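# Results of the structural survey
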Amino acid sequence: MSESPVSMHPGPIQPLVGTTLREHVLSGMQAAPGATGEFTSLINHLSLAIRIINSRVRQAGLAGMLGYTGNTNVQGEAVQKLDIYANDVLLNVLERSGHCGIIASEEMDDPVFTQHPSKYIAMFDPLDGSSNIDTNGTIGTIFGIIRRKVTDSKPTLEEALRPGYEIAAAGYALYGPATQFVLSTGQGVHGFTLDPSIGEFFLSHPNIRCPQKGTTYSVNGGNRALWSEGTRKWAEFLKASDKASGRPYGSRYIGSLVADAHRTLLKGGIFAYPADEKSPKGKLRILYEANPMAFLFEQAGGMAIDGVNRILDVQPKELHERTPLVLGSVEDVMTFKRFQLGQQV
Ligand code: AHM
Ligand code: MG
């Protein structure tokens, strides 16, 4: 009896090498007319900053357990809070990149204007969901990149106050059980997972599409008493039983936008941080949180609104402006909007 060809000739063992983040960005840019490599370099610098932050996030609990006290560690160095550390890493790496004329962050009162001619504006929330740090919960980094209209003039604050539809690239890093980097440069949304043994991001989730409709909703229900009537009725609607429309919806809320949005992006459903009596303009920031996430959701076929209007159309008036944010599957976001407008669902 002859043996199967497979067992007789197994062939050389192929190493499992996938597409790296660098290769992915480079291949997208090669198709862009007039590309100079600066954009690719900028994304690579962001990836470096995220790997540095990731490394510190992974040690945070250990550092605490080993008795670092107050603001000083055993070497006599100042121990920064993780969110300040993340901010400083991003600022430092992006300044060194030489590509950003304006760097704005949730952690800094004013933006940093750099000296050199530069093509881009970077905005970020260096460590989102920071209330989860102490309990080893999932946290993340969110960023948005805008192209400057003029590259050789002195940068101004007004240049940063642009609506989200002008975003050239946005993404987030999620420091969860694995570290993932989700990115859109305007050609769909792609997810990369860090191989910590070699410090490289590999493409693990190509072309992410947000399902048209989901089965879960994500909102801080503790704020119910502060919500508008429309928001209260919406939540009651999702909790009511109706087999035909897949209700009741399951409830999922981590309290970290990156974690809640990531799940919603992959599995569908809805995330909402609506306006309420305590936060009439919402809690989340337009430039650092809402715009990048809205860009990603639209690129993935999902939707993002402030309750009624498209987030990416909002003209920000201030750097740290807040907005209500509702994002997710198109059908689920439309249902929220109808409740806000008092329409029949
Ligand atoms: P942060 O950027 O200071 O961490 O705050 C933003 C966070 C979001 O990650 C999350 O969606 C929201 O605040 C949770 O707020 P709450 O605790 O009020 O539910
Ligand atoms: Mg945040």
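This part is about the sheet that holds strand S13 (residues 303-305). Strand order in the open sheet formed by five strands is S10-S9-S11-S15-S13, with mixed pairing between adjacent strands. In this open sheet, the two edge strands, each paired with only one partner strand, are strand S10 (250-251) and S13. Two elements, strand S11 (residues 270-273) and strand S15 (residues 325-328), share four bridges in a ladder whose sense is antiparallel. Residue Phe-271 lies in a different strand from S15, and its bridge partner there is Leu-327.

The eight strands are arranged S2-S1-S3-S4-S5-S6-S7-S8 in an open sheet whose pairing can be described as mixed. Each of the sheet's edge strands pairs with one partner strand only, and the pair in question is strand S2 (112-113) and strand S8 (200-205). One ladder, built from five bridges, connects strand S7 (residues 190-195) with S8; its direction is antiparallel. Bridge assignment links Thr-193 to a residue of S8, and that residue is Phe-202. The sheet strands contacting helix H4 (residues 82-97) are strand S1 (100-105), S2, strand S3 (120-128) and strand S4 (139-147), and the helix crosses S3 at an angle near 160°.

To continue, consider the packing of aromatic side chains. With the rule as written, the count across this model stands at six aromatic pairs. Ring geometry for Phe-143 and Phe-181: centres 5.9 Å apart, planes at 50°, overall tilted. In this pair, Phe-143 is assigned in strand S4 and Phe-181 in strand S6 (residues 179-184), connecting sequence segments 38 residues apart. Like Phe-181, Phe-143 is buried. The interplanar angle of 50° and the centroid separation of 5.2 Å between the aromatic rings of Phe-237 and Phe-339 together place this pair among those described as tilted.

So, about unusual backbone geometry. Residue Arg-247 is joined to Pro-248 through a cis peptide bond whose omega torsion reads 5°. For Asn-136, which is not glycine, the phi dihedral falls at a positive 60°. Within the secondary structure, Asn-136 sits in the loop between S3 and S4. Phi is positive for Asn-207, close to 45°, though the residue is something other than glycine. Asn-207 sits in the partly exposed class, given a relative accessible area of 44%.

Right, let's talk about helix H9 (residues 330-340) for a bit. Listed in full, the buried residues belonging to H9 are Asp-332, Val-333, Thr-335, Phe-336 and Phe-339. The arc enclosing the buried residues of H9, seen along the axis, measures out at 155°, which places them on a common side. Buried-residue contacts for H9 involve helix H6 (229-239), S11, S13 and S15. Where H9 terminates, the next one or two residues include Gly-342, which has phi positive at roughly 70°.

Take the environment of Asp-125 next. The residue Asp-125 is located in strand S3 in this model. What makes Asp-125 buried here is its relative accessible area of 1%. Not counting the four nearest positions on each side in its chain, Asp-125 is found in contact with Glu-106, Gly-140, Thr-141, Ile-142, Tyr-288 and Glu-289.

Definitions and cut-offs
- Residues numbered from 1 in each chain as written.
- Chains lettered and ligands numbered in written order.
- Predicted model: local features only at pLDDT ≥ 70, side-chain atom pairs only at ≥ 80, totals over all residues.
- Heavy atoms only, no water.
- Pairing = 2+ DSSP bridges.
- Helix = DSSP H or I, 4+ residues; strand = E, 2+ residues; numbered from the N terminus.
- Contact = heavy atoms within 4.5 Å.
- Axes fitted to C-alpha atoms, helices over the stretch in contact; angles between N-to-C directions.
- Phe/Tyr/Trp six-rings, centres within 6.5 Å; stacked < 30°, edge-to-face > 60°.
- Buried < 20%, exposed > 50% of the residue type's maximum accessible area, 1.4 Å probe, protein only.
- Arc of directions from axis to C-beta.

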